[in-house]
Amino acid sequence: MTVHFRISALLIFISLLGGNVFAQQYSPEIYNLKWTSQGKNSGESMPCGGGDIGLNVWVEDGDILFYMARSGTFDENNIFPKLGRVRIRLSPNPFQNGTSFLQELKLEQGYVEITGEKDKQKAIVKIWVDVFSPVIQVDISGNKPVRVSAWYESWRTEDRELRGLEKNASSFKWLKEKVVAYKDSISSHENGILFYHQNRDTTLFDLVVKQQKLEPVKSTLWNPMKRTIYGGFMQGENMIPETAGEKPSSYVNTPFKAFQLKSKSASRTHRIKIFLHTDENSNPEKWKSQLSQTVKESLKEEKTSRQKTLDWWKSYWQRSYIAINLSKPDSVSEVWQTGRNYQLFRYMLGCNAYGTYPTKFNGGLFTYDPVFVDSAYKFTPDHRNWGGGIFTAQNQRLVYWPMLKNGDFDMMASQFEFYKRALLNAEIRTSHYWGHKGASFTEQMETFGLPNYAEYGQKRPQDFDPGLEYNAWLEYLWDTSLEFCLMILDKERFAGDDINTYLPLIESCTLFFDAHYQYLAQRRSAKKLDQNGHLVLFPGSAAETYKMAYNSTTTIAGLRTVLSRLIELPPKYGTQAERKSWAERLSRIPPLPFRQMQGHTVIAPAKTWERIQNTEIPQLYPVFPFGMYGIGLPDLEVAVNTWKYDTEAIKNRNHISWHQDNIFCARLGLTDEAAALTVKKLKNSGRRFPAFWGPGHDWVPDHNWGGSGMIGLQEMLMQTVGDSIYLLPAWPAEWDVQFKLHAPYQTTVEGELKDGKLVKLRVTPEARTKDLVIQIEH
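Residues numbered from 1 in each chain as written. Predicted model: local features only at pLDDT ≥ 70, side-chain atom pairs only at ≥ 80, totals over all residues. Heavy atoms only, no water.

## Remarks on the overall build of the chain
If you tally the helices and strands in the chain, you get 17 helices and 31 strands. Against the globule reference of 28 Å for 778 residues, the chain gives a C-alpha radius of gyration of 27 Å, in line with a compact fold. Counting only C-alpha atoms, the chain reaches 85 × 70 × 45 Å along its principal axes. The 778 residues of the chain split such that 64% are buried. Taking contacts inside the chain between residues at least 6 apart in sequence as the whole, the part at least 24 apart equals 70%. Accessible area for the chain stands at about 28,000 Å²; split by element, carbon and sulfur atoms hold 50% of it. Across the chain, the mean location of the 92 positive side-chain charges is 2 Å away from that of the 86 negative side-chain charges. (Helix = DSSP H or I, 4+ residues; strand = E, 2+ residues; numbered from the N terminus. Rg over C-alpha atoms; globule rule 2.2 N^0.38 Å. Buried < 20%, exposed > 50% of the residue type's maximum accessible area, 1.4 Å probe, protein only. Contact = heavy atoms within 4.5 Å. Areas by Shrake-Rupley, 256 points an atom, 1.4 Å probe, with all protein chains shown as cover. Lys, Arg positive; Asp, Glu negative; His and termini not counted. Charge placed at Lys NZ, Arg CZ, Asp CG, Glu CD.)

## Some words on the pairing of strand E19 (residues 267-279)
In this sheet, E19 lies alongside strand E10 (residues 135-154) in antiparallel orientation, the contact comprising 8 bridges. Each residue of the ladder has a partner; that of Gln137, found in E19, is Lys273. Pairing between strand E15 (residues 229-236) and E19: 8 bridges, direction antiparallel. Its bridge partner lying in E19, Phe233 is registered against Phe275. (Pairing = 2+ DSSP bridges.)

## So, the nonpolar core
Core analysis: the largest hydrophobic core is formed by 221 residues, its most contacted members being Phe66, Ile88 and Trp731. When neighbours within four sequence positions are excluded, Ile88 is seen to be in contact with Asp63, Ile64, Phe66, Val138, Ile140, Val148, Ser149, Ala150 and Ile272. Grouped together as the second largest cluster of nonpolar side chains are 9 residues, Val135, Leu194, Ile229 and Val295 included. (Core = buried A, V, L, I, M, F, W, Y, C linked by side-chain atoms within 4.5 Å.)

## A short note on the packing of aromatic side chains
To describe a pair of aromatic rings, one takes the distance between the centres and the angle between the planes. One pass over the structure, following the stated rule, counts 44 aromatic pairs. Taken together, a centroid distance of 6.4 Å and an interplanar angle of 25 degrees make the contact between Trp313 and Trp317 stacked. Taken together, the positions of Trp313 and Trp317, both in helix H4 (residues 302-319) and 4 residues apart, correspond to about one turn of that helix. Residue Trp313 shares its accessibility class with Trp317, and that shared class is buried. Centre to centre, the rings of Tyr546 and Trp609 are 4.9 Å apart; their planes meet at 80 degrees, and the pair counts as edge-to-face. Here Tyr546, found in strand E22 (residues 546-549), pairs with Trp609, found in the loop between strand E24 (600-603) and strand E25 (611-612); they are 63 residues apart in sequence, far enough to count as distant. The buried category is assigned to Tyr546, whose relative accessible area is 0%. Positioned over the ring face of Trp643 is Arg653, at 4.0 Å from the centre of the ring. (Phe/Tyr/Trp six-rings, centres within 6.5 Å; stacked < 30°, edge-to-face > 60°. Lys NZ or Arg CZ within 6 Å of the ring centre and 35° of its normal.)

## A short note on the environment of Pro744
Counting through the fold element by element, Pro744 comes out in the loop between strand E28 (737-743) and strand E29 (747-754). Of the residues examined, Pro744 reaches a relative accessible area of 4% and is grouped as buried. Sequence-distant contacts of Pro744, defined by excluding residues within four places in its chain, comprise Arg493, Phe494, Thr720 and Arg768.

## Overview of the environment of Ser414
Mapped onto the elements of the fold, Ser414 is located in helix H8 (residues 413-434). C-alpha separation for the pair Ser414 and Gly449, spaced 35 residues apart in sequence, amounts to 14 Å. Beyond its immediate chain neighbours, meaning those up to four positions away, Ser414 contacts Asn352, Ala353, Tyr354, Gly355, Tyr357, Pro358 and Tyr400. In terms of polar contacts, Ser414 uses its side chain to reach the backbone carbonyl oxygen of Gly355, at 2.6 Å. (Polar contact = N/O pair within 3.5 Å; in protein donor to acceptor, adjacent residues only side chain to side chain.)

## Considering the pairing of E15
Counting buried positions along E15 gives 7 out of 8 residues, so the element sits mostly inside the fold. With 7 bridges joining them, strand E14 (residues 192-198) and E15 adopt antiparallel strand pairing. Considered in E15, the bridge of Leu194 is made with Phe233.

## Things to note about the sheet that holds E22
Here we have 3 strands laid out as an open sheet, ordered E21-E22-E25, and antiparallel in their pairing. Two strands close off the open sheet at either side, each with one partner strand: strand E21 (540-542) and E25. Summarising the sheet, E21 and E22 pair through 3 bridges and their orientation is antiparallel. Bridging across to E22, Gly540 finds its partner in Ala549.

The structure is reproduced here in structure tokens:
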């Protein structure tokens, strides 16, 4: 039984709190991850990062190692390579067969600390990343003087051809074309190690343009790949390069060369810094000059940068949290793990808070040697399946939706700016192929917004439309961009941010469907619309599952929701003519289709379709992400029946990777199902770092696995419809929880449920308490 109550009871709860006093017990320190033994390999690494940099940190055989990755560093083949590996060794070495060892991820401070002791020799190593500058820092201190050696290790010292499955790390995937990963430049420089990669003049971009018959408009297209340079400089206080030069060696199955720095003398303290820099369409001298400026600015800010970074992480954790069963900590309990891993995954997302590119769904910044994901993948640490620079909206969306209720609005810009930068290319291709307006964003795009080289289709019929992907899964799949349009509109509603800069993107994405489907109808008929004045959305696609669809539910729900929300924007958005156009376009969107299954009316995935291709449940996309059905909305029973009785939906139920069944159940108020599925999502991954889920359908760590888990947990706890805030709509009464989440109209809701009773609650601003609806399961 669910108990509902509104404001009168709320006022009682608030009075019990004594006004605005909120005795917060939660601290992220509770979830610090502590390892008392060293790792066997990089597969037992711990994430660390900040700003737009991610590290995989582990200690192996007494050596401290970490991989480096930075957002936006894509090579000629659209591989997303590591920026190298760093190895640190102390002498005498308290980590070599020592008597004590601890590696700890300190969440509230955002860094990794490693301590060790041997024969009364103690050392503390702190590894952290500056949130506001692309700088990695290693601080070493001890009770006795030690010498330190640090190696920059690279497996990209020679050109190397990728073969077989290894090409899945690039945009070539399964194609039989020759793919060469070109070498980096690495050298001693000013008492440090300089390393960088420069993309050639001809890159994947040129191949895509030729393949997709865009050469007549090539000069107008945005090309971020040409002569891009990325890399960095490693130096240490009181350290100099080893004059003997690089040393060849091998880690796991990958040969590499090591470039060493060594301390001039023993000391109780040492500091190593790695400065990173990326520049588009550059040259080595220009890039080195800019990198030198980064070094100078970092040294100038050295006294304050650490504290600024600590302050940022502290503020980050104060924005939002969900902590389950804190008074009953039990690392074996999958429910307790769910609360802990939610926070660990949020830390991983925070490491790419300000990336130039979005956090990739297939590993983010934290991939490692692929042989520890699949023993058959004996490739370099640069590998990840589904490409390094390929952006798949169906996956990416799940990484960014949870940021709204987390209040991580500033972090969403990376994803929004990706679409904004690619908008020009999407509009140019539409105009070039079909002669009308609108942005045609396909599924599986390159970093520059055009269809992926492999997925576009190599063996195409001679007269096949060059604007289409010749691909059984991806054909006619245009509507994934609509989720990001809605996400932008939600950001305005949640945070009150000005979104005028993104209005052309939303306008163009919605305009495409109106223009394109009238264009297609006119080519096959004398009428552009059906007898009811609606668009004929054919051919279309309901996700990747229902193909050659007529009036796809995902397209209808997306367009109806986004256009309605455009019209609801404050008057400062859009001219009178634009608003009239939005309303006219909305009037041309057909209604959702329905069907009968097992004696019940359910939402259909489309009016008709030719085949089922994948395993998604697009008939429930009107529930999530588009919010047309759910708690507090009309006809909830139709959506619930779709979950319960649609045999195709039942067949496709799953919890791994991008499957969002837990979110559907939460929004439908199905508490038991939502809880069970969300626990399956967020319980320990089975790897040493408990939030390194996957590979599922994708890779490790699977970020759309973690993201969908986060969304489900949030929706179980709080849902919003218009002005109303539904609290605990699908939350098990036996799960104690402390929480702070964000709601629309710059609102935060904090509270505590204990033993099935809401014992603490604070809503900011207080005026929003009247909009709360409490729902507690009994």
